[in-house]
Amino acid sequence: MKQMIFGLLATALVSTAAVAKPAERPLGVEASIPFVSSIGVRNFRAESDEVLLIEDNSRRWYRAEMFAPCTGLNFAEHIGFQTRGTSSLDRYSQIIVDGRICQFRSLVTAAKPLSKKEKKAQAEAADKANGTL
């Protein structure tokens, strides 16, 4: 009897875990981040002066590409978001970096960026595979 109950509990846990796993979302698809002015942005990371990665409060990542280089973005500790009259950040939005306004070209869904440690390990593995290490 105990084995039957344990088996039922194990089955219930496995099926619950399968249901609880979030669905994979397509990457590179135009997107918007709702309520950005109040609760929408958790974190950001500049890849360059032309690309900004943005994390929303649901821990989903987005990639914003600028129309032109946004001087200082790569080193900015603080940025401002301009949604131009809406509460959502989208491809028509802008950021403010050191008083300069930079226009988005696109805002698309993205994967979580690699940490510095992961990037270093990946680069070392590539060097090792190429025989340059």
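Think of each chain on its own: its residues are numbered from 1, step by step along the sequence as written. Predicted model: local features are reported for residues with pLDDT of at least 70 only, side-chain atom pairs are reported and counted for 80 or more only, and whole-chain, interface and lining totals are derived from all residues. Side-chain descriptors were evaluated using all non-hydrogen atoms of the structure, hydrogens and water having been removed beforehand.

S.K.: Give a description of the side chain of Ser 93 that names residues and reports values.
M.R.: By the criteria applied, helices consist of DSSP H or I runs no shorter than four residues and strands consist of E runs no shorter than two, each listed in order from the N terminus. Structurally, Ser 93 is set in the loop between strand E4 (80-82) and strand E5 (94-97). Only protein chains enter the area calculation, which uses a 1.4 Å probe; residues under 20% of their type maximum are buried, those over 50% are exposed, and those in between are partly exposed. For Ser 93, a relative accessible area of 0% translates into the label buried. When sequence neighbours within four positions are dropped, the list of residues in contact with Ser 93 reads Gln 82, Thr 83, Ser 88, Gln 103 and Phe 104. Contacts: residue pairs with any heavy atoms within 4.5 Å of one another.

S.K.: So what's going on with the nonpolar core? Residues and values would help.
M.R.: Counting 19 residues, the largest nonpolar core has Leu 52, Ile 54, Met 66, Leu 73, Ile 95, Phe 104 and Leu 107 as the members making the most contacts within it. For this core, the secondary-structure elements that each account for two or more residues are strand E2 (51-56), strand E3 (61-66), E5 and strand E6 (100-110). When near neighbours in sequence (up to four residues on either side) are disregarded, Phe 104 contacts Ile 54, Ala 64, Glu 65, Met 66, Phe 67, Leu 89, Asp 90, Arg 91, Ser 93 and Ile 95. Only buried residues count toward a nonpolar core. Its members are Ala, Val, Leu, Ile, Met, Phe, Trp, Tyr and Cys residues joined through side-chain atoms within 4.5 Å.

S.K.: Could you give an account of the sheet that holds strand E1 (residues 41-46), with specific residues and numbers?
M.R.: For two strands to be treated as a pair, DSSP must find at least two bridges joining them. Pairing within the open sheet is antiparallel, and its 6 strands lie in the order E1-E2-E3-E6-E5-E4. Of all strands in the sheet, those with a lone pairing partner are E1 and E4, marking the two edges. Neighbour-to-neighbour, the strand axes of this sheet turn through a mean angle of 35°, independent of strand direction. Taken together, the 5 bridges between E2 and E3 define a ladder with antiparallel strand orientation. Bridging across to E3, Val 51 finds its partner in Glu 65. Orientation is described by lines fitted to C-alpha atoms, with helices fitted over the stretch in contact, and by angles between N-to-C directions that extend from 0 to 180 degrees.

S.K.: Explain the environment of Gly 40 residue by residue, including any values.
M.R.: Along the chain, the position of Gly 40 falls in helix H2 (residues 36-40). Once the C-alpha coordinates of Gly 40 and Ser 87 are considered, the two residues, 47 residues apart in sequence, prove to be 9.2 Å apart. For Gly 40, the contacting residues outside a window of four places in its chain are Ile 33, Pro 34, Phe 35, Glu 55, Asp 56 and Asn 57.

S.K.: Tell me about the state of the cysteines, and name the residues and values.
M.R.: Disulfide: a pair of cysteine sulfur atoms within 2.5 Å of each other. Here the structure, examined in full by the defined rule, presents 1 disulfide. The partner cysteine of Cys 70 in its disulfide is Cys 102, sulfur to sulfur 1.9 Å. Every disulfide takes its handedness from the sign of the S-S torsion; for Cys 70 and Cys 102 that torsion is 75°, giving right-handed. Of this pair, Cys 70 sits in the loop between E3 and E4 while Cys 102 sits in strand E6, placing them 32 residues apart in sequence. We classify Cys 102 as buried; its relative accessible area is 8%.

S.K.: Before we move on, could you go through the side chain of Asp 90 and cite the residues and values that matter?
M.R.: Examined against the element boundaries, Asp 90 turns out to sit in the loop between E4 and E5. His is not counted, nor are the chain ends; Lys and Arg add positive charge and Asp and Glu add negative charge. Salt bridges are defined by distance alone: a side-chain nitrogen of Lys or Arg within 4 Å of a carboxyl oxygen of Asp or Glu. Despite being buried, Asp 90 has no salt bridge partner; Arg 91 is the closest side chain of opposite charge, sitting 7.0 Å away.

S.K.: Tell me about helix H3 (residues 116-130), and please be specific about residues and values.
M.R.: Expected helix span is given by 1.5 Å per residue-to-residue step, counting one fewer step than there are residues. In this model H3 runs 21 Å from its N-terminal to its C-terminal C-alpha over 15 residues, within 8% of the 21 Å that 1.5 Å per residue would give. One or two positions beyond H3, positive phi appears at Gly 131, with a value near 80°.

S.K.: Tell me about the pattern of salt bridges, and name the residues and values.
M.R.: All told, the structure shown has 5 salt bridges when counted by the stated rule. Between Asp 56 and Arg 60 there is a salt bridge, with its nearest N and O atoms 3.1 Å apart. Owing to a relative accessible area of 36%, Arg 60 belongs among the partly exposed residues under this scheme. Note that Arg 63 and Glu 65 form a salt bridge whose closest N and O atoms lie 3.4 Å from each other. Look at the salt bridges and you will find they share partners, linking Arg 63, Glu 65 and Arg 105 into a network.

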